[in-house]
Each structure stands twice: as C-alpha cells, then as structure tokens.
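Reading the structure
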Amino acid sequence: MTVHLHWFLPTGGDGRTLVDRHAYTDGGIKRSRITPVSGVRAPDIDYLAQIAKAAERLGFEAVLTPTGTWCEDAWLTTAALAQHTERLKFLVAFRPGVISPVLAAQMAATYQRITRGRLLLNVVTGGDSTEQRRFGDHLDHDQRYARTAEFLSVVRGAWSGRPFDFEGEHYRVEGGLTALPPDPLPEIFFGGSSAAAGPVAAGHADVYLTWGEPPELVRQKIDWIRGLAEQRGRTVRFGIRLHTISRDSAREAWATADRLLDDLDPETVAAAQQALGRSESVGQQRMLALHGGSRDELEISPNLWAGVGLVRGGAGTALVGSHAEVADRIEEYHALGVDHFVLSGYPHLEEAYWFGEGVTPELAARGLLAAPPSPLERVPAANGRPASAPGGAPLLVAGGR
C-alpha cells in the first residue's frame, strides 16, 4: 500500500527559526519574555499561495491548515487558496466546540462543491483551557471529548440526506439536514492521546492522527485505537504529524538542526516549557516528556529529533537526515500501519522543496508512492521543443538550496 504525503500551511507566520512570533506567557498575550524574532514571514495570501502551489507541484496530496488564536481562519484561508490551485486538498482544522455541528456539516458540503471535492477535516478538540475560554468554551478536558463525539454524530447524521434528530448532553437537534450532502464525504482526521480521546477516535474518525513519537510508542497507540475500533465494528486508518529536515547528506541535515537550536536562548526555552507544561493535552505532555526541556540527547530515536518541541507546542519532533534516511523512517512508520504523513519544516516553502525533490523520489523508488510529477510538467515548449530538450528554454526551480 502506498503512503499519503501532506504538507502544512503556516497561517500563523513562517521563517528560518523555531522561535514563535508569539510570547509564551499569559496565554501568549505579553511578549516581554521571548527573544525578539527576526526574519519572520507574514502569512499573507501571496506567501501562503506560494507554499500551496509548491506542495501541489511537488506531489503532496493535501496541506494541513491549523486552528487557534494566532492563526488565520482555516476555512476562509483555504477557500481562497483553492482558487490558486487545481488538485491540492485542504485538511482544515477546526474546533467543534465553537460552531454548530449542522452548520459545520453545511459548510463542509458547500466547500466540497466549490472546490470540487478537495476538503478533508481535522477535528481539534482542544487541550488548552485558556484558549478554549478565549473562544467562549468553558468545558473541562473530558467533557470536550464527550461533546466532540456528539458533534461528529450530528455532522454525519446531517450528511445523511434525511432529517436527523439527536438529543445528547451537549446538543439537541431536530430535523438537522444538509440539503445537498457533500460528495464525496470529507474524511475526518482526529487526534488525542488521553483515555477520553480513544473512544471518540475509534467511533468516529476515518484517520487517527498522532504526533511523532518513537516507533514503539506509535505502535502502542495504533494497537490501542485499532482495538477500540474493532470493538465497535469499525476500521480506522492512521497518520502521523512530523517536521522534516532532509538534505543531500546527513551531515548537512544535522547542521541545519543545530543552527535552529542556536536561535534558542535558555530564557526562551524556559518560557516555552513553562507555558506548554500547563497544557491539559496528554499528547502535549508526551511531547514534553521526550526531551524534558533539555537540549541534551535530542535524537530520541534514529533520525527522530525532539528539538522543535523545546519551544513549540503540538508536533515537537522532526525527521532529520539524508533523503534516504528520512525515507527509511517513513518506511518504518508505514510498516507499523501509518498511511498518512502530515509534514512541515522551517521555512515551509524551502523545506517542501527539499523533501519533494529528495525524499519523494526515494519513496517512489521503493514502491511506497506513485511516481512524483515531473518538475517540467506543463512547462511551455521553447521553439517547438520541450523545456527538457537540448536547446530548450532553461527552467529555474526554487529548490531551497
């Protein structure tokens, strides 16, 4: 079975550093305890379109767009970017607690029609009560997962094409209906490492998405969710969220990782760890446990580097190495049952090219991926010759080198 490769849209800003443009104190409002950040790229539509076009050109199937206080709205941003792309799908992250499930079902149906079927959904229950309250959500951690289960029940019911009634603890719907259901139905990606999250994934997710942990820990999570799903007569597929630093040689890749670390002074790391340590997310706590806030021994498994998680929440690990080594690790995770790889890197434009031009051909050669598109695809001919023919027009490709 082949793998599905996805990239990331940095709608909160991008740059050549791991240091976020937002502070980590007081829920990210004050900025006095964070190292000043230079070289940050604003997430305007022109820059995001460059990344989306690059992802499409390089053969990525979809791009994940995050959700949260410091991001542009994922629905609106990706709807705009759909006009700049042709095949690329959009994995739209959203929080179920701040929107009506029937309205969400309707939005998804409309999105599928205007993009001709290019929507995937990433349901983010939320692990930070401070941010949840910012959006008017005052439920505790486990209640949020219970509500997510009801939310997804209503969404699927509204997609049935018939009036749908539902009465639960969090939602009461009478005759919920999406007049024109989406075609195809968007796949639902869902993540969560807590005991409360497991049954929701098993009962409702199409793809269970985990942050990048060492293979043995990922295997344990897959076995856990797979077992819960089998009890419900369902099958769930699996995905993993990772950063990548792939270069022509391992030495170059690790030198890049070291340079990213050089940007991090002790005060920045301490402020980030203090804030991230308050998270209610079990997945976030697992990320923090991989490095313990220390710069020592950040290669926690072959080619798996935990340096990102020193200052960034969410996915805190990166695959670092030569193109062949990164492909080895993807193949290893795939052997465990992971089909979807949601990847990213700093900066996202350049790292997309490093991965797409280096790792993607490796995966294709191993039979794990359909042959990547030629970089000369749709390049106009010069003087009647293809651009690749001797004497043809030169082709300039931004490769991030």
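Residues numbered from 1 in each chain as written. Predicted model: local features only at pLDDT ≥ 70, side-chain atom pairs only at ≥ 80, totals over all residues. Heavy atoms only, no water.

Within the protein, the secondary structure is distributed over 12 helices and 13 strands. Looking at the protein as a whole, 54% of its 401 residues qualify as buried. For the protein, the proportion of contacts with a sequence separation of at least 24, taken over those separated by at least 6, is 73%. (Helix = DSSP H or I, 4+ residues; strand = E, 2+ residues; numbered from the N terminus. Buried < 20%, exposed > 50% of the residue type's maximum accessible area, 1.4 Å probe, protein only. Contact = heavy atoms within 4.5 Å.)

You can see Asp 206 is positioned in the loop between helix H6 (197-204) and strand S8 (207-211). The exposure class of Asp 206 is buried, given its relative accessible area of 18%. At 3.3 Å, the side chain of Asp 206 forms a polar contact with the side chain of Arg 156. (Polar contact = N/O pair within 3.5 Å; in protein donor to acceptor, adjacent residues only side chain to side chain.)

Before going further, it helps to spend a moment on the pairing of strand S9 (residues 237-247). Burial of S9 is extensive: 10 of the 11 residues sit out of reach of the surface. Two elements, S8 and S9, share five bridges in a ladder whose sense is parallel. Note that in S9 the partner of Val 207 across the bridge is Arg 237. Pairing of S9 with strand S13 (residues 338-344), which is carried by six bridges, proceeds in the parallel orientation. Across the sheet, the residue bridging to Ile 240 is Phe 341, located in S13. (Pairing = 2+ DSSP bridges.)

So, on to the nonpolar core. Core analysis: the largest hydrophobic core is formed by 75 residues, its most contacted members being Leu 5, Phe 90, Tyr 333, Phe 341, Phe 355 and Leu 363. In terms of nonpolar packing, the next biggest core, distinct from the first, is built from 21 residues, Leu 260, Leu 261, Leu 264 and Met 287 among them. (Core = buried A, V, L, I, M, F, W, Y, C linked by side-chain atoms within 4.5 Å.)

Before going further, it helps to examine the side chain of Thr 210. By the secondary structure assignment, Thr 210 is in strand S8. Reaching out from Thr 210, the side chain makes a polar contact with the side chain of Lys 221 at a distance of 2.8 Å. Contacts of Thr 210, omitting those with residues within four sequence positions, involve Val 218, Lys 221, Gly 239, Ile 240 and Arg 241.

It is worth spelling out unusual backbone geometry at this point. Omega for the peptide link from Asp 183 to Pro 184 comes to 0 degrees, which places this bond in the cis form. The backbone phi angle of Arg 116 is positive, close to 60 degrees, even though this residue is not glycine. Even without a glycine there, the phi angle at Glu 297 is positive, about 55 degrees. With respect to the element layout, Glu 297 can be found in the loop between helix H10 (282-289) and strand S10 (299-301).

Right, let's get into the environment of Arg 144. With respect to the element layout, Arg 144 can be found in helix H5 (residues 141-158). Since its relative accessible area comes to 0%, Arg 144 is described here as buried. Sequence-wise, Arg 144 and Gly 97 are 47 residues apart; in three dimensions their C-alpha atoms are separated by 7.4 Å. Excluding residues within four positions of it along the chain, Arg 144 makes contact with Thr 125, Gly 126, Gly 127, Asp 128, Ser 129, Gln 132, Asp 137, Leu 139 and Glu 280. Of the polar contacts made by the side chain of Arg 144, one reaches the backbone oxygen of Leu 139; its length is 2.9 Å.

Helix length check: H5, at 18 residues, gives a terminal C-alpha distance of 26 Å against a target of 26 Å (1.5 Å per residue), a fit within 8%. With 13 of 18 residues buried, H5 lies mostly within the body of the structure. Here H5 starts with a cap whose side-chain oxygen sits 3.4 Å from the backbone nitrogen of Asp 142, and that cap is Asp 140. (Expected span 1.5 Å × (residues − 1).)

So, about the pattern of salt bridges. Applying the stated criterion across every chain yields a total of 16 salt bridges. One salt bridge connects Arg 41 with Glu 350, and the closest N-O pair in it is separated by 2.9 Å. On the criterion of sequence distance, the pair formed by Arg 41 in the loop between strand S1 (4-8) and helix H1 (45-57) and Glu 350 in helix H12 (residues 348-365) is long-range, its members being 309 residues apart. Given a relative accessible area of 19%, Arg 41 falls into the buried group. (Salt bridge = Lys/Arg side-chain N within 4 Å of Asp/Glu carboxyl O.)

Let us now look at the pairing of strand S6 (residues 172-176). Where strand S5 (residues 164-167) lies against S6, three bridges are found, and the strand directions are antiparallel. Paired with Glu 167 across the bridge in S6 is Arg 172. Counting the residues in the hairpin turn of S5 and S6 gives four residues.

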